[in-house]
Amino acid sequence: MMDKTFDPTSVEDRIAGLWDRAQAFKAGRPDRAGAEPYCIVIPPPNVTGSLHMGHALNNTLQDVLCRFERMRGRDVLWQPGMDHAGIATQMVVERQLAERQQPDRRAMGREAFLARVWEWKAESGGAIKGQLQRLGASCDWSRERFTMDEGLSRAVLEVFVRLYKDGLIYRDKRLVNWDPKFQTAISDLEVEQKEVKGNLWHFRYAVEGSDRTITVATTRPETMLGDTAVAVHPDDERYRDLVGKTVVLPLVGRRIPIVADEYSDPEKGSGAVKITPAHDFNDFEVGRRHGLRLINVFDAEAKLDIAGNEAFLDGLPASGDLDEVLTLHGLDRFAARKRVIAMMEARGLLDLIEPNVHTVPHGDRSGEVIEPWLTDQWYVDAKTLAQPALAAVREGKTRFVPRNWEKTYFDWLENIEPWCVSRQLWWGHQIPAWYGPDNTVFVEKSAEEAAAAARAHYGRDVELRRDEDVLDTWFSSALWPFSTLGWPDRTPELARYYPTDVLVTGFDIIFFWVARMMMMGLHFMEEIPFHTVYIHALVRDEKGAKMSKSKGNVIDPLQLIDTYGADALRFTLAAMAAQGRDIKLSTQRVEGYRNFATKLWNAARFAEMNGCERSEGFDPSAVGEKLNRWALSEYARAVREVTAGIEAYRFNDAANAAYRFVWNVFCDWYLELAKPILMGEDGPAKAETRASIAHVIDGVCKILHPFMPFLTEELWAIKGAAGPLRPEAERVLALSAWPEAADFSAPEAEEEIGWLIDLVTEIRSARSETNVPAGAQIPLVLVSASGPTRERALSWGDMLKRLARLSDVAFADAAPAQSVQVVARGEVAALPLAGVVDLDAEKQRLAKELDRIAADVRKVESKLGNADFMARAPEEVVEEQRERLADSQARAAKIRDALARLSKAG
RNA sequence: GGGCGGUUAGCUCAGCUGGUAGAGCGUCUCGUUUACACCGAGUAGGUCGGGGGUUCGAGUCCCUCACCGCCCA
């Protein structure tokens with residue numbers, strides 16, 4: 001006997017074990033050797049990460065697709081793994097060292113530090129794997145990969161070297177986004193622009209050889225030490241005569257030109273702007289246009305670096321001001337700012353302080369203000385690689401769902417900047433570049449090959465120095481769709497599963513990952529990495545705010561799984577995953593779907609209690625009982641709806657279709673209507689009904705399995721234990737066959753059962769509204785019943801009595817006096833209730849209904865009376881309206897009649 | 001400043017190619033019936049953000065305004 005409720009915690013573990021033993025998720029199962037492959041690569045979570053709601057949604061949807069396709073017979077590979085998260089991981093381990101008061105990474109050295117990171121990874125990395133398993137993710141865990149694995153590292157080497165040799169990777173001295181906290185460069189995408197309240201300081205610079213001054217406004221006064229020009233707009237009358245003149249930079253004494261450049265905005269500040277090409281991206285461009293010097297005044301920690309700085313000191317005359325400035329050496333940029341302002345003010349050169357809101361770049365990991373800083377870094381020529389990636393989507397080879405994300409993808413790729421891929425970290429793929437004594441660079445896959453190349457170059461053996469830096473984590477992630485399949489080796493998996501089918505991810509990752517996978521896949525595999533990119537929503541809290549630790553509004557998916565079960569969480573996420581909308585998650589909703597799980601469980605329990613066992617060779621088309629035929633046709637409809645929903649990535653539609661069928665059709669009506677048969681005498685009808693119910697429960701397990709894998713697999717096992725042994729291929733639900741979306745329909749059964757349902761619903765409603773006590777058994781009179789209605793009423797009389805609480809079902813040519821009347825499927829039924837019913841309430845009820853119908857009649861009449869409508873609307877629409885009018889009029893007539901009768905009698 | 005999305009029942013949201021406004025939760029009323037109170041029956045609740053247009057017909061298409069959110073400068 002089944003328990004009264006489904007207990008997820010006790011079942012989930014056991015079912016996970018069952019899948020494991022059956023190797024249900026293993027790709028390349030021998031029994032599917034001839035099957036079409038289906039492949040999804042997981043967006044690799046950070047090795048430092050733990051499951052948050054975004055992961056839960058992302059992986060639920062992937063799992064729905066994978067389980068669905070697996071049941072449709074495909075050879076599914078859901079490729080799992082993690083990335084090494086360069087900065088995040090290094091940060092975790094460094095923090096750990098500090099906490100334990102152990103030597104820091106520089107003290108322990110690179111090799112020892114990396115050993116330490118691997119140690120950390122083995123112990124506490126990858127907690128998310130177990131969490132994904134708790135969610136029920138049907139990944140092929142035997143194929144788990146890690147971006148720092150030997151194989152994937154080989155792919156990285158191969159890619160780097162080949163891109164370098166193709167001229168698509170190069171070393172360049174440019175401004176980068178420098179994170180002074182981590183002391184590494186980061187890419188544009190890892191920078192967050194934040195609005196900050198600050199000031200515009202207006203400084204006066206003296207024009208050489210005149211008594212004029214020119215005022216520049218800046219949000220970053222400390223950078224003035226590195227100024228190499230002042231720019232004005234070429235059309236700005238105020239400054240036209242100054243262009244070409246020289247300004248003496250205050251405090252420093254550097255002579256710098258006034259240049260005309262459109263970058264300067266005449267409307268902003270004073271219209272003149274200081275140019276610091278080594279510390280500002282826009283200034284860098286201005287400097288390039290005018291051949292300006294680049295003077296870097298910061299060190300890697302963003303402290304002033306001016307004493308002994310040749311570029312800074314070059315050409316400066318000695319002065320008291322300069323000496324004072326040099327005392328700022330080593331000061332942090334923000335402290336230096338205050339001092340510079342104070343010095344300018346002391347000299348009467350500070351014109352104005354104007355409050356100003358402006359955007360300031362911050363490192364997304366460190367939160368630190370990013371410093372544009374001039375360094376040598378490695379760059380990928382993203383622009384070139386972007387072209388095939390753009391073309392593939394334009395030509396429809398890869399399709400975004402929903403489609404509008406294409407625009408985001410295009411906009412970014414069309415305006416793409418060189419991708420800075422070097423990071424000044426230790427944890428990651430060390431760049432395979434070696435430098436000779438004269439800094440000639442040799443990019444090769446190994447030290448040996450580099451040495452050989454150097455020998456060829458120099459004509460002798462020389463000492464080589466390897467580049468210290470590592471690659472951006474996203475560099476290795478970009479290779480994920482093929483590196484995980486064994487590339488650069490030509491493995492059978494690569495041949496079978498590449499290109500993969502669908503990539504499922506959030507929109508925030510389109511730039512970071514989707515675009516880069518497209519570039520790399522197209523370049524190295526010469527084929528798109530996936531034909532569809534499904535972009536899902538962001539999960540927000542119930543008020544619509546982005547979940548974040550700092551806001552404290554994070555809902556922990558694991559806690560929801562503990563409380564309501566993994567199935568309830570999954571179903572909630574799928575049911576709310578409407579395209580193009582964010583998900584505002586509330587636990588109430590999860591609770592509701594937990595209740596749904598319990599409902600299905602109890603339906604199965606009821607079936608068990610009533611001996612509804614599967615029967616060998618059950619054939620829906622051979623079923624004779626109207627009720628069963630009706631249920632089977634409704635089930636077929638549900639199969640079609642769920643199938644279509646998943647196929648179209650309309651997960652909410654699919655989930656809701658299954659929900660409606662299970663609760664509102666199967667539980668509310670099928671089981672209720674079957675009760676008398678099940679509790680009645682044994683016979684063919686009872687046997688057929690039992691088998692049919694068992695069949696539908698099996699079917700429900702199937703269509704719900706992608707959404708609620710644990711519950712359904714458990715039910716499948718319970719139902720499998722009774723009755724005939726399941727065939728080998730159907731032992732494990734996860735591997736069983738998805739139901740054929742057969743065209744099973746039974747219109748005659750729908751007419752009969754539909755009539756019954758409508759009539760019961762009408763009577764219940766009328767009883768309730770006229771205040772008939774719930775316990776009262778009242779008679780029903782079918783008025784002028786047609787032949788078919790008579791037959792139905794006879795065969796369903798007991799059921800009518802039971803569901804509508806009737807004492808008797810009779811027939812008459814006219815409705816009795818003082819009766820409550822309802823209309824079901826065009827025929828009148830009366831409840832003679834003199835004395836029982838509140839006649840005024842009944843009059844009100846009828847009047848209200850009449851109003852409603854009359855309004856409808858008016859609406860349709862005006863439509864049909866409209867010559868334009870009649871002339872222009874399609875015939876079937878007109879016909880539909882005619883039918884609607886006739887129905888409404890007939891119904892209205894019957895209600896008027898009933899009202900009249902009530903008044904006469906009352 | 002540019003782009004994208006949103007505004008539909010008290011709340012959270014569906015509503016695909018224009019043709020009778022839906023669901024879940026919550027509210028209220030009732031509950032005899034051995035699958036289920038994590039339940040059952042019933043009920044109320046909407047001028048689909050405002051304005052204009054196209055159309056026989058607009059929640060749906062177009063324009064415009066307002067407010068909210070996100071992305072990119």
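Residues numbered from 1 in each chain as written. Chains lettered and ligands numbered in written order. Predicted model: local features only at pLDDT ≥ 70, side-chain atom pairs only at ≥ 80, totals over all residues. Heavy atoms only, no water.

S.K.: I'd like to hear about the overall build of chain A, residue by residue, with values.
M.R.: Helices and strands together make up the secondary structure of chain A, namely 31 helices and 29 strands. Taken over the C-alpha trace, chain A has a radius of gyration of 38 Å; the compact-globule value for 906 residues is 29 Å, which it surpasses by more than 25%. In chain A, buried positions account for 54% of the 906 residues. By sequence separation, contacts in chain A at least 24 residues apart represent 77% of the contacts at least 6 residues apart. In the form shown here, chain A has an accessible surface area of approximately 39,000 Å², with 48% of it arising from carbon and sulfur atoms. Averaging the coordinates of the 114 positive side-chain charges in chain A and doing the same for the 137 negative ones gives two points 3 Å apart. (Helix = DSSP H or I, 4+ residues; strand = E, 2+ residues; numbered from the N terminus. Rg over C-alpha atoms; globule rule 2.2 N^0.38 Å. Buried < 20%, exposed > 50% of the residue type's maximum accessible area, 1.4 Å probe, protein only. Contact = heavy atoms within 4.5 Å. Areas by Shrake-Rupley, 256 points an atom, 1.4 Å probe, with all protein chains shown as cover. Lys, Arg positive; Asp, Glu negative; His and termini not counted. Charge placed at Lys NZ, Arg CZ, Asp CG, Glu CD.)

S.K.: Can you lay out helix α8 (residues 281–290) for me, pointing to particular residues and giving the numbers?
M.R.: D283, F284, V286 and G287 are the residues of α8 that are buried. Down the axis of α8, the smallest arc covering the buried residues is 165 degrees, so these residues share one side. In α8, the exposed positions angled more than 90 degrees off the buried face are occupied by R288 and R289. Looking at the packing, one finds that the buried side of α8 touches β5 (169–179), β12 (272–275) and β14 (371–380). The opening residue of α8, the one whose side-chain oxygen lies 2.8 Å from the backbone nitrogen of N282, is D280. Remark: G291 follows α8 within two positions and exhibits a positive phi of approximately 60 degrees. (Arc of directions from axis to C-beta. Polar contact = N/O pair within 3.5 Å; in protein donor to acceptor, adjacent residues only side chain to side chain.)

S.K.: So, the UniProt feature "short sequence motif: 'HIGH' region" (unreviewed entry) in chain A: which residues are in play, and what are the values?
M.R.: Here the UniProt feature "short sequence motif: 'HIGH' region" (unreviewed entry) sits at residues 45–55. Between the C-alpha atoms that bound residues 45–55 there is a distance of 8 Å. The span itself is 27% helix and 0% strand. (UniProt positions renumbered as here; feature names shortened; annotations may be inferred.)

S.K.: Tell me about the domain arrangement of chain A, and name the residues and values.
M.R.: Each assigned domain of chain A is listed here: domain 1 (193–362), domain 2 (592–745), domain 3 (751–837) and domain 4 (840–905). The interface of domain 2 with domain 3 comprises eight residues on the first partner and 11 residues on the second. Taken as a group, K626, W669 and L673 account for 57% of the area that domain 2 buries against domain 3, more than any other trio of residues on that side. Linking domain 2 to domain 3 there are one salt bridge. Here E752 makes a salt bridge to K626, at a shortest N to O gap of 3.4 Å. (Domains from an automatic or database assignment. Buried area = accessible area lost by both parts, 1.4 Å probe. Salt bridge = Lys/Arg side-chain N within 4 Å of Asp/Glu carboxyl O.)

S.K.: How would you explain the sheet that holds strand β23 (residues 530–536) if you had to name every residue and give the values?
M.R.: Here three strands make up an open sheet; going across it, the order is β15-β23-β22 and the pairing parallel. Edge strands, defined here as strands with exactly one partner in the open sheet, are β15 (399–401) and β22 (500–506). On average, adjacent strands in this sheet sit at an angle of 20 degrees to one another, irrespective of strand direction. Two strands pair when backbone bridges link them, and β22 and β23 are joined in this way by six bridges, in the parallel orientation. The partner of G506 across the bridge, within β23, is H536. (Pairing = 2+ DSSP bridges. Axes fitted to C-alpha atoms, helices over the stretch in contact; angles between N-to-C directions.)

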